[in-house]
Amino acid sequence: MSPPASPPAAPPDYLARLNPEQRAAVETLDGPVLVLAGAGTGKTRVLTTRFAHLLVTRRAFPSQVLAVTFTNKAAREMKARVSAILGREVEGLWLGTFHALGARMLRRHAEHVGLKGNFTILDTDDQTRLLKQVMDASGVDLKRWPAPGLMAVVQRWKDRGLTPERVTPSEDSDYANGRARALYAQYQQRLRDLNAADFGDLLLHTTEILRTEPEVLAQYHRAFRYILVDEYQDTNLVQYLWLRLLAKGHGNICCVGDDDQSIYSWRGAEIENILRFEKDFPDAKVVRLERNYRSTRPILAAASGLIAHNAGRLGKTLRAGRDDAEGEKVRVVALWDSEEEARMVGERIEEAQRAGHPLSEVAILVRAGFQTRAFEERLITLGIPYRVVGGARFYERQEIRDALAYMRVLAQPSDDLAFERIVNVPKRGLGDSTIRALHELARIEKSSLAAAAERLALSPDGLRPRPRQALAELMRGFARWREQLPRDGHVVTVATLLDESGYTEMWKQDRSPEAPGRLENLKELLRALGEFESLAGFLDHVALVMENDEAAEGERVSLMTLHAAKGLEFDMVFLPGWEEGLFPSQRSLDEGGEKALEEERRLAYVGLTRARKLAVVSHAANRRVYGNWTASIPSRFIEELPDEHVAKEGGAAMERHRAATGAAGAFGSPFGLAAPRRPPTPRIYETGSWEVAERPARAERIAVGERVFHQKFGYGRVLAVEDDRLDIAFDKAGTRRVLDRFVEKA
DNA sequence: AGAATCTAAATTTTT
DNA sequence: TTTAGATTCT
């Protein structure tokens, strides 16, 4: 545990492996340091080496370094690499995400903001539901002012370190007729009543405590001698305030980042934080890392040429740091429509595969999540394995959230949000009216919903017999499981809970194709639970850390958004959909104007710099948008790529189209398409009757006595047919009357 | 209480 | 086109 007796005389080999700039960044230990690390310049290596260097030179014990990242992945990686350099596991670190570290501090000092140390951390879904309740109670018209809108306003305030008291009336949003601030205050009060904190609170409360409790602040000043920050360009104001408070005094703060890769302003990140660093921290040393070890010269030149169109940069030019940096020009491929684009990408991937390139080195990076579908379909057709990175996270899945809600109620009966989620899942006949009665009693008695449920289940009046018994049964269950917990341990108890509550049975009965996967996920959840000492520890972990660890291994093409691709690299990168409106996104431009355009451009820069050897940009003249074919013109970013590093290709279909029409096509005339020619659309309606088209003659007319399958009710036998209504005796769900189009032959 | 039907809306999402 | 949410029907 103690550092080596003395620093080695010769530079240790971990330093010898660095270039001069990297080494300066590692060895400048005292005072504020800003490391401007361009894409592919060894940022992570600098950060981890610096951390290790602090320990090796005995400047600090592991517990005296505060190291902050944005993602759990980055935190894990840093820990692993520091351990690798030191040749041993390091323990007692304050290394983690802003939120995880915030939570850790807040648990120690929760009472300063009216919480208890065992507060629950709410996820986004809970947050919105709670806010909705608050708005509803205040008589806000939720149609006119949807809760997610106010949630965004509140989050932005929290991102800026503004408690309700700190929001000045002039800063009040006009959301909900200028009542936003008042609603925010009520929402915060509700959180306190529930002993809960949302993600934003983890930093907001912690910063507020550091601001107002000098002895707490002093405690941390004594504790941390050095601060390391990753991805500084993505910090928001409250994170900045938090860091500045903690760094006050010794000023030993080292921030690593790249202003050209700031792409999260819509989440409250303030690029100004990094632009202002030298003013905020006087006497700061700035180190620029510009030697890129990742990409070929043409890729770097194209990316540099593009990003040069942005104003207000700190200024940095990537230089090729590899000896073998020569390579192919960036391809820009013009295509007739989005289907052709997907085909082109598929074909080139097949070619690459035949040429022996591993699929794990190929990525398709899109602006928005929905764009992945077209490529998925194409890859499935071609039989090319792929994975979609990002997307639905493990803990956001319905069955996981339900199971977690059960666990939360088990651990904290007062967790109303969790209770409400599971009270009627599986269906227990406890509908709106029962829930309303629970809320009412809880309000009158100032108790939790669970406590109200106990009372209502026991009292003879207030509820009809059936719901009352169902409720009593559920509450008996919880009493039993809670008693079982210390005896059998959390894993066994939770397993029992999920079985006895009928939750697993619900999915076993479910005939939908996803059901088996959901049961699998529940098993996975239990496995994960087993890795923790206690239920509370696990719930904390889940709220802060749980992510989809979908097997990254294997020979698969990666499909993801540009945002998700930051920090990754691939030999071959496809960048489809570079069209005005899509990329840059019209929505962004409408909201953020010139600033937003620059952020979109940074996103393009991030995309290009993911490629080691080949980048293929493409755009289509026609694209289906929400089901309608729409004409589009190439993205302005394409013109901004320096010509000499780009090779333009027509694309096979585009050429064919030109040949067939004799037209210059979409990209010959200055204003794009003269007439938005629609790609051939299937026109089934013109020949057939509407009925035929709409309901393609039920080839499978269902007759009495047949076995059928229904999405909700599962398998059953038809008892009677009456026009389009069928009476069916379901195996599990009893006899019901359903519409014929909801069943199919079994 | 629960299913069927209608209706708007539609990025990016490290925690 | 797809999807979530609200509304209406049974």
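In this text the structure is predicted, and so the values were computed from the model without any measurement.

Caption draft 1: Spatial organisation of the state of the cysteines. Taken as a whole and assessed by the stated rule, the structure comprises zero disulfides. Unpaired in this structure, C254 has its nearest cysteine sulfur neighbour in C255, at a distance of 6.7 Å. By relative accessible area, which is 0% here, C255 ends up buried.

Caption draft 2: Looking closely at the sheet that holds strand β6 (residues 226-229). The strand order across the open sheet formed by six strands is β3-β2-β6-β7-β1-β8, and the pairing between neighbours is parallel. Sheet topology places β3 (94-97) and β8 (285-289) at the edges, where each strand pairs with a single neighbour. Each strand of the sheet is rotated relative to its neighbour by a mean of 10°, with strand direction disregarded. Direction of pairing for strand β2 (residues 65-69) relative to β3: parallel, over a ladder of four bridges. Bridged to T69 within β3 is T97. Here helix α4 (residues 72-86) sits on the sheet in contact with β2 and β3, set at roughly 150° to β3.

Caption draft 3: Looking closely at the UniProt feature "domain: UvrD-like helicase ATP-binding" (unreviewed entry) in chain A. Per the UniProt entry, the sites bearing "domain: UvrD-like helicase ATP-binding" (unreviewed entry) are residues 16-296 in this numbering. Structurally, residues 16-296 is divided into 48% helix and 12% strand, and its ends, taken at the C-alpha atoms, are 25 Å apart.

Caption draft 4: Expanded view of the environment of L589. Position of L589 among the secondary structure elements: in helix α27 (residues 586-608). According to the relative accessible area criterion, L589 is buried, its value standing at 15%. On a C-alpha basis, the gap between L589 and G577 in space is 16 Å, while along the polypeptide they are 12 residues apart. Setting aside residues up to four positions removed in sequence, L589 forms contacts with P584, A596, L597, E600 and R636.

Caption draft 5: How the structure looks around the protein's contact with DNA strand C. Around DNA strand C sit K132, K143, R373, Y626 and G627, and that is every residue in its neighbourhood. For the surface near DNA strand C, a count of residues per class yields one nonpolar, one polar and three charged.

Caption draft 6: Layout of the packing of aromatic side chains. Within this structure, the stated rule accounts for 17 aromatic pairs. For the pair W94 and F224, a centre-to-centre distance of 5.3 Å together with 70° between the ring planes defines the contact as edge-to-face. In this pair, W94 is assigned in strand β3 and F224 in the loop between α10 (214-223) and β6, connecting sequence segments 130 residues apart. Summarising the burial analysis for this pair, W94 and F224 share the class buried. Here the aromatic residues Y406, F478, W481, Y503 and W507 are joined through ring pairs into a cluster of three or more. For R107, the ring lying beneath its charged end belongs to F119, and the centroid distance is 4.1 Å. Between the NZ or CZ atom of R276 and the centre of the ring of Y240, over which it lies, the distance is 4.8 Å.

Caption draft 7: Structural detail: helix α3 (residues 43-56). Over its 14 residues, α3 extends 20 Å from the first C-alpha to the last, a length consistent with the 20 Å expected when each residue adds 1.5 Å. Within α3, 12 of the 14 residues are buried, leaving the element largely enclosed by the surrounding structure. For α3, the complete set of buried residues consists of K43, V46, L47, T48, T49, R50, F51, A52, H53, L54, L55 and V56.

Caption draft 8: Region of interest: the protein's contact with DNA strand B. The environment of DNA strand B is made up of 37 residues, and the closest members are R367, G369, R393, G431 and T561. Within 4 Å of the protein, the contacting atoms of DNA strand B are 55% sugar and phosphate, with bases supplying the remainder. Residue N72 places a side-chain N or O atom 3.0 Å away from a phosphate oxygen belonging to DNA strand B. The backbone of L544 places a nitrogen or oxygen atom 3.1 Å from a sugar or linking oxygen of DNA strand B. Contributions of two or more residues to the surface near DNA strand B are made by α19 (432-445) and α27.

Thresholds applied
- Residues numbered from 1 in each chain as written.
- Chains lettered and ligands numbered in written order.
- Predicted model: local features only at pLDDT ≥ 70, side-chain atom pairs only at ≥ 80, totals over all residues.
- Heavy atoms only, no water.
- Disulfide = S-S within 2.5 Å.
- Buried < 20%, exposed > 50% of the residue type's maximum accessible area, 1.4 Å probe, protein only.
- Pairing = 2+ DSSP bridges.
- Helix = DSSP H or I, 4+ residues; strand = E, 2+ residues; numbered from the N terminus.
- Axes fitted to C-alpha atoms, helices over the stretch in contact; angles between N-to-C directions.
- Contact = heavy atoms within 4.5 Å.
- UniProt positions renumbered as here; feature names shortened; annotations may be inferred.
- Near = heavy atom within 4 Å.
- Nonpolar A, V, L, I, M, F, W, Y, C, P; charged D, E, K, R; others polar.
- Phe/Tyr/Trp six-rings, centres within 6.5 Å; stacked < 30°, edge-to-face > 60°.
- Lys NZ or Arg CZ within 6 Å of the ring centre and 35° of its normal.
- Expected span 1.5 Å × (residues − 1).
- Polar contact = N/O pair within 3.5 Å; in protein donor to acceptor, adjacent residues only side chain to side chain.

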